[in-house]
Amino acid sequence: MAKKLWEKSVQVNAEIDRFTVGLDREMDLYLAKYDVLGSMAHITMLESINLLTAEELEKLLAELKLIYASIERGEFCIEDGIEDVHSQVELMLTRKLGDIGKKIHSGRSRNDQVLVDLKLFTRAQLKEIVECVEELFHVLISQSNKYKDVLMPGYTHLQIAMPSSFGLWFGAYAESLVDDMQFLQAAYRICNRNPLGSAAGYGSSFPLDREMTTRLLGFDSMNYNVVYAQMGRGKMERNVAFALASVAGTLSKLAFDACMFSSQNFGFVKLPDECTTGSSIMPHKKNPDVFELTRAKCNKIQSLPQQIMMIMNNLPSGYFRDLQIIKEVFLPVFGELKDCIRMTTYIMNRIEVNKHILDDDKYLAIFSVEEVNRLVLEGVPFRDAYKKVGLDIEAGRFSHSKEVHHTHAGSIGNLCNDRISELFESVVKGFDFAAVEQAEKKLLGREA
Ligand code: ARG
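Throughout what follows, the structure given in this document is the object of discussion. (Residues numbered from 1 in each chain as written. Predicted model: local features only at pLDDT ≥ 70, side-chain atom pairs only at ≥ 80, totals over all residues. Heavy atoms only, no water.)

### What about the site of the ligand?
Near the ligand the following residues occur: Asp-24, Arg-110, Asn-111, Arg-233, Tyr-319, Gln-324 and Lys-327. Asp-24 places a polar side-chain atom, nitrogen or oxygen, 2.5 Å from a nitrogen atom of the ligand. Between an oxygen atom of the ligand and a side-chain N or O atom of Tyr-319, the distance comes to 2.5 Å. Relative to its unbound accessible surface of 340 Å², the ligand loses 85% to contact with the protein. For the shell around the ligand, the secondary structure elements donating two or more residues are α5 (110-146) and α11 (324-330). Taken together, the residues of the shell around the ligand break down into one nonpolar, two polar and four charged. (Near = heavy atom within 4 Å. Polar contact = N/O pair within 3.5 Å; in protein donor to acceptor, adjacent residues only side chain to side chain. Areas by Shrake-Rupley, 256 points an atom, 1.4 Å probe, with all protein chains shown as cover. Helix = DSSP H or I, 4+ residues; strand = E, 2+ residues; numbered from the N terminus. Nonpolar A, V, L, I, M, F, W, Y, C, P; charged D, E, K, R; others polar.)

### Regarding the nonpolar core
The nonpolar side chains of a soluble globular protein tend to be buried with one another. Counting residues in each nonpolar core, the largest one holds 124 residues, and the members touching the most others are Phe-166, Trp-169, Leu-184, Leu-244 and Leu-337. Here this core gets 15 residues from one element, more than from any other, and that element is α5. What Trp-169 contacts, discounting residues up to four positions off in sequence, is Met-152, Leu-254, Asp-257, Ala-258, Phe-261, Val-269 and Met-348. (Core = buried A, V, L, I, M, F, W, Y, C linked by side-chain atoms within 4.5 Å. Buried < 20%, exposed > 50% of the residue type's maximum accessible area, 1.4 Å probe, protein only. Contact = heavy atoms within 4.5 Å.)

### Thoughts on the environment of His-86
Here His-86 is to be found in helix α4 (residues 85-97). Taking relative accessible area as the criterion, His-86 reaches 5% and is therefore assigned buried. Separated by 24 residues in the primary sequence, His-86 and Arg-110 place their C-alpha atoms 7.0 Å from one another. Polar side-chain contacts of His-86 include one of 2.8 Å to the side chain of Asp-35.

### Things to note about helix α10 (residues 304-312)
The periodicity of an α-helix, 3.6 residues per turn, causes residues three or four places apart in sequence to face the same way. Inspection of α10 places Leu-304, Pro-305, Ile-308 and Met-312 among the buried residues, and these make up the whole buried set. Buried residues of α10, viewed axially, fall in a sector of 100 degrees; they line one side. Remark: Asn-314 follows α10 within two positions and exhibits a positive phi of approximately 60 degrees. (Arc of directions from axis to C-beta.)

### So, the packing of aromatic side chains
Within the structure shown, the criterion is met by 21 aromatic pairs. Summarising the aromatic geometry, the rings of Tyr-30 and Phe-121 are spaced 6.0 Å apart at their centres and angled 80 degrees between planes, so their arrangement reads as edge-to-face. Taken together, the positions of Tyr-30 in helix α2 (residues 24-48) and Phe-121 in helix α5 put the pair 91 residues apart, joining distant regions of the chain. Classification of Phe-121 by relative accessible area gives buried; the value is 3%. Ring centres of Phe-166 and Trp-169 lie 6.2 Å apart, and the angle between their planes is 85 degrees; this geometry places the pair in the edge-to-face category. Of the two residues, Phe-166 and Trp-169 both sit in helix α6 (residues 166-191), three residues apart, roughly one turn of that helix. According to the relative accessible area criterion, Phe-166 is buried, its value standing at 0%. Put simply, the rings of Tyr-147, Tyr-155, Phe-166, Trp-169, Phe-170, Tyr-173, Phe-261, Phe-266, Phe-268 and Tyr-363 touch in pairs and so form one group of aromatic residues. (Phe/Tyr/Trp six-rings, centres within 6.5 Å; stacked < 30°, edge-to-face > 60°.)

In structure tokens form, the structure reads like this:
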């Protein structure tokens, strides 16, 4: 077994080693690129405070760039017997550069290393989530505009209630994403602060230049107080999980609608055949499995904030190994959510809409309020009009044209999709992804 970074005279028990390392060797692969970036910023700063020479820095940076590229090519792995990504990178540097590699950890702990890795990883993932959400938003808005005149029944208690439209249905989910986006932005801003320099959670006696690492890594600012920086472990993940859960909530509701409305008993929408799955026994089946899986996965994602909270529940300040377990539930979630958003976007862009739902007179009663309102406009007091229409329906005497005249903001005839889009764009504009990208490129020496 290879030596640990922290091993002195006693070698750790193999079972204890297995148990404490847990899934880290898999989980840390998500963080590998960011661990390298964090190290590049850290050593650049160490040179500026004379803890490395310019020549040592140059050699280390060159080696770290090679490691970064190997991670991008999918060739990086954490070797057998190596505890985590932090140990692996240091080992690779030491193998190549000897004593110079052993110098990089001055003024740092794996505690602030993993903190910064998590922030850099999450920041990059949130950008991708935002891009996925944007695509879905545009599909929903364009479907809403396209089908704005196609009516459908609206329901309360799953009982037919009032006229609705596909314009409203698609547009509702688009507007839901506006609020989710706002949540994502809050999460992003909380994430985008530099914890590096907090070391084990109490700072260092070296005169670390934290402004410099903040700038090099493209963070908005830092988590100033070193104790708070460490307290951010778990808190950042939980807050981001809340934002992801918000998106997931939108998707799972949409998925349920899509499953229900595509059932023969509704027949409001038809999923493209290529997007459905079959049955091994029933030859006629075209099942909405994508939306069922999306619903379940997104419901699972909605439990993520609670899972994280339970893992870190009531921990006092300072680092604890408990925090390692959060990585297992948190790191894979971005891939799952992106997958669900992309699938939903693909199908919603191709979903077929039934333009003749209301031809069936079983939906006639949804016009009851239209008739009441017509009588009100003729001067009949609302309660009397309500009663007359109710009695007509009971007696089987109700009839009404299947046209609606809704004009107020946000209604069938006035969707305000332009307004919804403006709101969405104004939130999206608040992300400064370009600054982050530029900083990372500069650190990697990859500027155009
Ligand atoms: N694998 C650890 C984690 O994810 C890294 C930090 C180790 N720090 C320590 N004090 N044991 O939390």
